[in-house]
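Each chain is listed here by its residues.
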Amino acid sequence: MLLRHTPVEIKERKALTINPAKTCQPIGAMYAALGIHGCLPHSHGSQGCCAYHRSTLTRHYKEPISASTSSFTEGASVFGGQANLVQALNNIFNVYDPEVVAVHTTCLSETIGDDLNQIRIKAEKDGKLPKGKYMIGAPTPSYVGSHVTGFSNMVKAMAQMAEPTDKKNGKINLIPGWVEPCDMEELKRIAALMDIDITMFPDTSGILNGPLTGEYKMFPEGGVTVQELIESAQATATIALGEWCSADAARWLDSKHKVPCSILDMPFGLAATDRFVNVMRTVAGVSVPDAITHERGQLVDFISDMHQYFYQKRVAIFGDPDQLISMCEFLRSIDMYPAYVVTGTPGKKFVKRIQEICSDMPFEVKVKAEGDMFLMHQWIKNEPVDLLIGNSYGKYIARDEDIPFVRWGFPILDRQGHQYFPTVGYKGALRLLEKFVGVLLDRKDRDSPETSFELVL
Amino acid sequence: MTKNKAQWNPTDIKEELLKKYPPKVARKRAKQIMINEALEAGTPPEIVANVRTIPGIITMRGCTYAGCKGVIMGPTRDVVNITHGPIGCGFYSWLTRRNQTDAGADGENYMTYCFSTDMHDKDIIFGGEKKLEAAIQEAYDLLHPKGICIFSTCPVGLIGDDVHAVARKMKEKFGDCNVFAFSCEGYKGVSQSAGHHIANNQIFTNLVGENKVAPEGEYKINLLGEYNIGGDAFEIDRILKKCGITNIATFSGNSSYDQFASAQHADLSCVMCHRSINYVADMLETKYGIPWIKINFIGAESTAKSLRKIGAYFGEKKLIDRIEEVIAEEMPAVEEAAKKALPTTKGKKAMLFVGGSRAHHYQDLFAELGMKTLSAGYEFAHRDDYEGRRVIPDIQVDADSRNIEEIEVTADPELYNPRKSEAEMKSLEDSGFKFKEYEGINKDMDEGTIVIDDLNQYEAEKLVELLKPDVFCAGIKEKYSIQKLGVPMKQLHSYDYGGPYAGFKGAINFYEEMDRLLGSKVWSYMKAPWQENPELTATFVWD
Ligand code: SF4
Ligand code: SF4
């Protein structure tokens, strides 16, 4: 037993978090920044945070993650980090020559109250920010929200690069939220099938699922360009996927530049993808090509073929709010029961939304925002589930309780594939289902007595 | 030491590495990039180490908290480690160092758990002491561990929470649970090294010496600076046991509360990673009279050498004979494995840039495979790790090191007990036996190789481009950028989820691993056939 000390009896904890289902803001900001072409993410704080964030992202994406740091020591922590950041910018543009440096703060620089905007002005004045190059900044105090909040804050900083304009370029801004590089690729494929010209930001496809060619490029092909961000105010509309990840940026473009926005759930599963395609169609004024309808039909076909394996199975799932909302809806649509749903990210709306989605179940879903995996494990010990869905840390619970486990979310440290095979859209939903059926049937095969060990479905 | 007159000129390489930097950065880096020369004269050139990283230059380093909680205390299974701070630091140090552990008969193991006070903005504004106190109480009520350790992250130091006072209060309150704290905020010091220091000092102050009853066994040693990555300590323990040597405490791999608490009963301390722990060995000697030696269990030859050194220290025929028997038993398999790997590995070139002493130790394994180390360096070393312990008195203490507490240790009035008489020590020394000595990496590397402190991503990439090593060793952050260049990269912090690499069986694992890595076909696939022969001169197969 790897988590042998987790008791069945649940006692309320007010101060101690055990096995968190979230991490801190800056890592989300770092990931988002990697989705800009020619961008170097920069962590304004001690070098430790930067090392941790780079390591975790590297372990998840299995790709080089470059990011610099202000390398605070005690002096900077007392006197403020301005000098460090200005010096850092000078070094960065001399040595790495990025198009843009995307700075996010950390606990440290937030606690001492460094103001990124003021530092940027200072750097410009000192000539440390070359002409035609950019520094954007996002405040990401790690004692507020979670990694999701940090992602959202950096995406908003990207939106803030938009310049006021009277021009319209007929494009649609698509803010995908914290999804995998392959998911972003898949969303672009869907848009292309629908013949819609989009600006997607952030866009980590090509950057965090790049090829091995014997050449290392610190700034690979891919990513939204600075020019595209500047022109994002010229778009017809913004479609933002995920309230937690993407809404702030979209609303900002709406209120500041009058680019009307639609905020949708992330397109995981059937219904959320239906809504996504439908809104894309309406906003862009196009019709949905048969190819997409065909993909949808395949998904429906799979659901009907395999329904018996999903029907009334109990699921425990943990992760980030936007992903969980769509996933719970998907689970319900195939008649599975999300029994326990936990996110570490705060937000009252989350609990309500999940309860609504699960309102037609014969028992009440146990759902918690700002929860941890220790609690979820205790729930499981009290009443087991048939399937566990979550990031790699779930493997300890899965092994102890002998539960079929599907890795989905962030971070996945111990498997490959999530950066190549999308789980958004109809095709992505097919992959999810394939994974669910895979582990459920593996379990059935393992547990069946010889007499009922069967070859055909 | 062999002279290695390389085709490339190290001075040019150094110049090339520095070319792109702004002048100030170049000046600083020039002192941390050293051409290894004048070795024969016995005074390798001086290097600048343990100084701040440069803002904006992408470093390999982590922070003090990482060194304290992650490296030193992390592998202690039966202590509840609570990170006091926002959630991130605790989350990232949760199971990411591959310190394997055996929960033992008592079954206590908290290493798979991550405990944090998860500070929110109101804790930052109003102070986090209350929350910390409540968290310690909750951990105690829930788990009743032997010990609870508290780790301060950056904001905690800034807002001035007195973690030590809270710990003292709770320790008194519980009576049966040792609670103590570490002021290991990430901004203290310039690297993980400061964190090791802070951790070790607290272990020494709060744990060592607590167990009054001596553990049973003959030839008692402590193994210092071994973290059981990928099961290294398991293999070392296997060998020690086979030789009849009793390992009382490993600092800190597969370690437990009681091991630390009994360390004063050992008769010899054996130091693996000099960087992270040499001062603990010194303190154990000063306070309890336990001499220490530097050993190295990375590499089969080194393992044999280290075992013989331990044997010579105790000086008893029974032990010495047993050690020879064990070596004779283990070596044939090692030689067999080397023979298999050598055709692939011989003459190949390596570079290693890893943490503490690993960049030094692993050169022995490479040497056993007929491989040369072209360039190496440490992520968080001090000058003595490069130049040998004799430079310690010359090292200037700067402001960044001064804020790391130093503890004064004196001989324990009751427990101090010199393990060997002065005459015995002297006669051992006269026979060539060296106590308290670490020669440093420079002396063991070829003339003209390049030694670099605190290597950064840009220099790593340049080095690989210019010197084209056959394998590059560093950590996860460096792994994929090096591989994109078409060069195999071996993680020597986490071993790429392989290992153990220590001891005899570990050496065999490592030989096999190098054989696989260097022999892998994948490195020949970089170019598609149509990129290699772009002209259209195809013929039909039936022509
Ligand atoms: S630098 Fe500070 S905040 Fe960052 S990881 Fe280290 S202790 Fe945590
Ligand atoms: S919680 Fe704070 S100190 Fe820790 S890693 Fe996150 S930003 Fe850094």
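Placed above this text is the structure.
In this report, the structure presented in the accompanying data block is examined. (Residues numbered from 1 in each chain as written. Chains lettered and ligands numbered in written order. Predicted model: local features only at pLDDT ≥ 70, side-chain atom pairs only at ≥ 80, totals over all residues. Heavy atoms only, no water.)

**Digging into the pattern of salt bridges**
Right, so step 1: Following the criterion strictly, the structure yields 63 salt bridges over all chains and no others.
Right, so step 2: For R251(A), the salt bridge goes to E243(A), with nearest N and O atoms at 3.2 Å.
Right, so step 3: We classify E243(A) as partly exposed; its relative accessible area is 25%.
Right, so step 4: The shortest N-O distance in the salt bridge between D267(B) and R419(B) comes to 3.0 Å. Taken together, the residues span a long stretch of sequence, with D267(B) in the loop between α11 (257–262) and β8 (268–271) and R419(B) in the loop between α17 (399–402) and α18 (422–430) at a distance of 152 residues.
Right, so step 5: Overall, the relative accessible area of 28% leaves D267(B) in the partly exposed class.
Right, so step 6: Salt bridges linked by common partners bring E235(B), R238(B), K242(B), E329(B) and E330(B) together as one network. (Salt bridge = Lys/Arg side-chain N within 4 Å of Asp/Glu carboxyl O. Buried < 20%, exposed > 50% of the residue type's maximum accessible area, 1.4 Å probe, protein only. Helix = DSSP H or I, 4+ residues; strand = E, 2+ residues; numbered from the N terminus.)

**Notes on the sheet that holds strand β8 (residues 237–241) of chain A**
Residue and element names in this part refer to chain A.
Right, so step 1: A sheet is described by the order of its strands in space; here four strands give the open sequence β7-β6-β8-β9, paired in parallel fashion. Each of the sheet's edge strands pairs with one partner strand only, and the pair in question is β7 (198–200) and β9 (261–264). The average angle at which neighbouring strand axes cross in this sheet is 20 degrees, direction not considered.
Right, so step 2: When strand β6 (residues 172–175) meets β7, the two strands line up parallel, connected through three bridges. Following the sheet pairing, I172 is matched in β7 by I198.
Right, so step 3: Of the strands in this sheet, β6, β7, β8 and β9 touch helix α11 (residues 270–284), which is tilted by about 175 degrees from β8. (Pairing = 2+ DSSP bridges. Axes fitted to C-alpha atoms, helices over the stretch in contact; angles between N-to-C directions. Contact = heavy atoms within 4.5 Å.)

**Details of the packing of helix α2 (residues 47–61) of chain A against helix α21 (residues 476–484) of chain B**
Right, so step 1: Remark: α2(A) packs on α21(B), axes separated minimally by 8 Å, with the N-to-C direction vectors making an angle of 55 degrees. Considering their axes alone, α2(A) and α21(B) lie oblique with respect to each other. Viewed along their axes, α2(A) and α21(B) form a crossing whose handedness is left-handed. The residues of α21(B) that touch α2(A), namely those facing A51(A), R54(A), S55(A), T58(A) and R59(A), are I476(B), K477(B) and Y480(B).
Right, so step 2: Looking at the contact of α2(A) with α21(B) residue by residue, the class counts come to three nonpolar, two polar and three charged. (Parallel < 35°, antiparallel > 145°, perpendicular 65-115°, else oblique. Left-handed = near helix turned anticlockwise from the far one by under 90°. Nonpolar A, V, L, I, M, F, W, Y, C, P; charged D, E, K, R; others polar.)

**Things to note about the site of ligand 1**
Right, so step 1: Neighbouring ligand 1 are the residues S46(A), G48(A), C49(A), Y52(A), C63(B), Y65(B), C89(B), T153(B), C154(B) and G186(B).
Right, so step 2: Near ligand 1, the surrounding residues are drawn from chains A and B.
Right, so step 3: By residue class, the composition of the shell around ligand 1 is six nonpolar, four polar and no charged. (Near = heavy atom within 4 Å.)

**Quick look at the environment of V226(A)**
Right, so step 1: Structurally, V226(A) can be placed in helix α9 (residues 226–230).
Right, so step 2: Each residue touching V226(A), except ones within four places of it in the same chain, is listed here: E99(A), V100(A), Y134(A) and M161(A).

**Quick word on helix α8 (residues 163–174) of chain B**
Residue and element names in this part refer to chain B.
Right, so step 1: Across its 12 residues, α8 extends 16 Å between first and last C-alpha, which sits within 8% of the 16 Å expected from 1.5 Å per residue.
Right, so step 2: In this structure D162 caps α8, since a side-chain oxygen of it lies 3.3 Å from the backbone nitrogen of H164.
Right, so step 3: Where α8 terminates, the next one or two residues include G175, which has phi positive at roughly 80 degrees. (Expected span 1.5 Å × (residues − 1). Polar contact = N/O pair within 3.5 Å; in protein donor to acceptor, adjacent residues only side chain to side chain.)

**Quick look at a nonpolar patch on the surface**
Right, so step 1: On the surface, L212(A), V522(B) and Y525(B) cluster together into a nonpolar patch covering about 270 Å² of accessible area.
Right, so step 2: As for its placement among the helices and strands, L212(A) is situated in the loop between β7 and α9. (Patch = residues over 30% accessible without salt bridge, like charges linked within 9 Å, V, L, I, M, F, W, Y side chains within 5 Å. Areas by Shrake-Rupley, 256 points an atom, 1.4 Å probe, with all protein chains shown as cover.)

**Here we look at the nonpolar core**
Right, so step 1: Core analysis: the largest hydrophobic core is formed by 276 residues, its most contacted members being F436(A) and I148(B).
Right, so step 2: Beyond its immediate sequence surroundings of up to four residues, F436(A) is in contact with F310(A), M327(A), L331(A), M336(A), L387(A), I389(A) and V406(A). (Core = buried A, V, L, I, M, F, W, Y, C linked by side-chain atoms within 4.5 Å.)

**Description of the site of ligand 2**
Right, so step 1: In the vicinity of ligand 2, the contacting residues are C24(A), P26(A), C49(A), H53(A), T106(A), C107(A), S142(A), P86(B), G88(B), C89(B) and Y92(B).
Right, so step 2: Where the shell around ligand 2 is concerned, the elements lending two or more residues are α2 of chain A together with α4 (87–92) of chain B.
Right, so step 3: Considering every element that reaches the shell around ligand 2, the biggest residue donor is α4(B), with three residues.
Right, so step 4: Tallied by class, the residues present in the shell around ligand 2 amount to seven nonpolar, four polar and no charged.

**Here we look at the interface of chain A and chain B**
Many analyses report the size of an interface as the accessible area lost when the parts associate.
Right, so step 1: Between chain A and chain B, the contact holds 75 residues from the first and 80 residues from the second.
Right, so step 2: Carbon and sulfur atoms make up 62% of the area that chain A and chain B hide from each other, which totals about 6800 Å².
Right, so step 3: Joining chain A to chain B, the criterion identifies two salt bridges.
Right, so step 4: K22(A) serves as the salt-bridge partner of D118(B), at 3.1 Å between the closest nitrogen and oxygen.
Right, so step 5: At the surface where chain A touches chain B, the tally comes to 38 residue pairs in polar contact (both at pLDDT 80 or more).
Right, so step 6: When residues of the side of chain A that touches chain B are traced back to their parent elements, those giving at least two are β1 (17–18), β2 (39–44), α2, β3 (68–69), α3 (74–79), α4 (82–95), α5 (107–112) and α15 (373–382) of chain A.
Right, so step 7: With 10 residues, the single largest contributor to the side of chain A that touches chain B is α2(A).
Right, so step 8: In the sheet, β1(A) pairs with strand β3 (residues 115–116) of chain B via two bridges, with the strands oriented antiparallel. Each residue of the ladder has a partner; that of I18(A), found in β3(B), is F115(B). (Buried area = accessible area lost by both parts, 1.4 Å probe.)

**Considerations on the packing of aromatic side chains**
Right, so step 1: The tally for this structure, following the rule as stated, stands at 34 aromatic pairs over all chains.
Right, so step 2: Seen in terms of ring centroids, Y140(B) and F174(B) are 3.8 Å apart; in terms of plane orientation they differ by 5 degrees. Their pairing is stacked. Residue Y140(B) is located in helix α6 (residues 129–143), and its partner F174(B) is located in helix α8; the two are separated by 34 residues in the primary sequence. Just as Y140(B) is buried, F174(B) falls in that class too.
Right, so step 3: Arranged with centres 4.9 Å apart and planes meeting at 55 degrees, the rings of F433(B) and F435(B) form a pair that is tilted.
Right, so step 4: Judged by its relative accessible area of 9%, F433(B) falls in the buried class.
Right, so step 5: Of the residues examined, F435(B) reaches a relative accessible area of 10% and is grouped as buried.
Right, so step 6: Among the aromatic side chains, those forming a connected cluster through ring pairs are Y52(A), Y393(A), Y65(B), F91(B), Y92(B) and W94(B).
Right, so step 7: The positively charged end of R314(A) is found above the aromatic ring belonging to F363(A), 5.1 Å away from the centroid.
Right, so step 8: The residue whose ring lies beneath R97(B) is Y227(B), and the NZ or CZ to ring-centre distance is 5.7 Å. (Phe/Tyr/Trp six-rings, centres within 6.5 Å; stacked < 30°, edge-to-face > 60°. Lys NZ or Arg CZ within 6 Å of the ring centre and 35° of its normal.)

**Notes on the sheet that holds strand β11 (residues 372–378) of chain B**
Residue and element names in this part refer to chain B.
Right, so step 1: Across the sheet, six strands lie side by side as β1-β12-β11-β10-β13-β14; this open sheet has mixed pairing. A single partner strand is all that each edge strand has here, and the edge strands are β1 (33–35) and β14 (489–491). Averaged over all pairs of adjacent strands, the angle between strand axes in this sheet comes to 20 degrees, irrespective of strand direction.
Right, so step 2: Where strand β10 (residues 349–354) meets β11, six bridges bridge the pair, whose relative direction is parallel. Looking at β11, one finds that V354 is bridged to Y378.
Right, so step 3: In the packing of helix α15 (residues 358–368) onto the sheet, contacts are made with β10, β11 and β13 (471–474), and the angle to β10 comes to roughly 155 degrees.

**With respect to the side chain of S46(A)**
Right, so step 1: Examined against the element boundaries, S46(A) turns out to sit in the loop between β2 and α2.
Right, so step 2: In this structure S46(A) comes out as buried when scored by relative accessible area, which is 1%.
Right, so step 3: Not counting chain neighbours up to four residues away, the residues in contact with S46(A) comprise T69(A), F72(A), L108(A), C154(B), G186(B) and Y187(B).

**Here we look at the pairing of β10(B)**
All names here are of chain B.
Right, so step 1: Among the six residues that make up β10, five are buried, leaving the element largely enclosed by the rest of the structure.
Right, so step 2: Pairing geometry for β10 and β13, over three bridges, is parallel. Pairing of A350 across the sheet is with V471, part of β13.

**Comments concerning the pairing of strand β4 (residues 147–152) of chain B**
Remark: a regular strand shows side chains that alternate across the two faces of the sheet.
Residue and element names in this part refer to chain B.
Right, so step 1: The element β4 is extensively covered by neighbouring structure, given that six of its six residues are classed as buried.
Right, so step 2: Side chains G147, C149 and F151 project from β4 onto one buried face, and the interleaved I148, I150 and S152 project onto a second face that is buried too.
Right, so step 3: Where strand β2 (residues 79–84) and β4 come together, six bridges link them in parallel fashion. Following the sheet pairing, N81 is matched in β4 by C149.
Right, so step 4: Sheet topology places β4 next to strand β5 (residues 178–182); five bridges connect them, and they run parallel. Note that in β5 the partner of F151 across the bridge is F182.

**Remarks on the packing of helix α13 (residues 321–333) of chain A against helix α14 (residues 348–357) of chain A**
Residue and element names in this part refer to chain A.
Right, so step 1: Between α13 and α14, whose axes approach to 9 Å, the crossing angle comes to 10 degrees. The angle between the axes of α13 and α14 places the two elements in the roughly parallel class. Residues P321, L324, I325, C328, E329 and R332 of α13 pack against F350, R353, I354 and I357 of α14.
Right, so step 2: Class assignment for the residues of the contact of α13 with α14 results in seven nonpolar, no polar and three charged.

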